[in-house]
Amino acid sequence: ATGATGDTGATGATGATGPDGATGATGEKGDPGATGATGATGATGATGATGATGATGSVTVGSAVTNVATPNSATTEEVATTLNSLLDSLRAAGIIST
């Protein structure tokens, strides 16, 4: 007859680690990350050089305007005529427009 089974022996030492397995397939691309904060505004650049001065425009001579002979005794008509003459002269010289 077979005798009784003996006690289990002590666990043996752990075996050596096997070689690394093959690299798995690349996973799907993830969603883009959030946009970062806007950076600080840079310093203002130096002011550029002043441009060349343009040519001097032509001068138009206006018609002569006479003074009111005696300002304290001039009539309203004389003042209005002299003022209108002055305005016409300034318009002719291109100083004012209509």
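Before any of the text, the structure's been laid out above.
Scoring rules and cut-offs
Residues numbered from 1 in each chain as written. Predicted model: local features only at pLDDT ≥ 70, side-chain atom pairs only at ≥ 80, totals over all residues. Heavy atoms only, no water. Helix = DSSP H or I, 4+ residues; strand = E, 2+ residues; numbered from the N terminus. Rg over C-alpha atoms; globule rule 2.2 N^0.38 Å. Buried < 20%, exposed > 50% of the residue type's maximum accessible area, 1.4 Å probe, protein only. Areas by Shrake-Rupley, 256 points an atom, 1.4 Å probe, with all protein chains shown as cover. Expected span 1.5 Å × (residues − 1). Salt bridge = Lys/Arg side-chain N within 4 Å of Asp/Glu carboxyl O.

Considering the overall build of the protein
- Tallying secondary structure elements over the protein gives one helix and zero strands in all.
- Relative to the 2.2 N^0.38 estimate, which gives 13 Å for 98 residues, the radius of gyration of the protein is 52 Å and therefore markedly larger than a compact globule would have.
- C-alpha atoms of the protein, sized along the principal axes, occupy 160 × 35 × 25 Å.
- Residues classed as buried in the protein amount to 1% of the 98 residues present.
- Surface summary for the protein: the accessible area is close to 9300 Å², and the carbon and sulfur share equals 53%.

Regarding the environment of Asn 67
- In this structure, Asn 67 sits in the segment before helix H1 (76-92).
- On the basis of relative accessibility, which here comes to 72%, the residue Asn 67 falls in the exposed class.
- Distance in space between the C-alpha atoms of Asn 67 and Val 79 is 9.4 Å, their sequence separation being 12 residues.

Considering H1
- Counted at 1.5 Å a residue, the expected span for H1 with its 17 residues is 24 Å, and the 24 Å between its end C-alpha atoms agrees.
- One or two positions beyond H1, positive phi appears at Gly 94, with a value near 75 degrees.

Some remarks on the environment of Ala 80
- Relative to the assigned elements, Ala 80 resides in helix H1.
- Accessibility expressed as a relative area gives 35% for Ala 80, which makes it partly exposed.
- Between the alpha carbons of Ala 80 and Gly 54 there is a distance of 38 Å; along the sequence they are 26 residues apart.

Topic: the pattern of salt bridges
- Evaluated as defined, the whole model comprises one salt bridge.
- When the shortest N-O distance is used, the salt bridge between Arg 91 and Asp 88 registers 3.3 Å. Within this pair, Arg 91 and its partner Asp 88 are both found in helix H1, separated by three residues, close to a single helical turn.
- Residue Asp 88 is classed as partly exposed on the basis of its relative accessible area, which comes to 47%.

These figures come from the coordinates and say nothing about function on their own.
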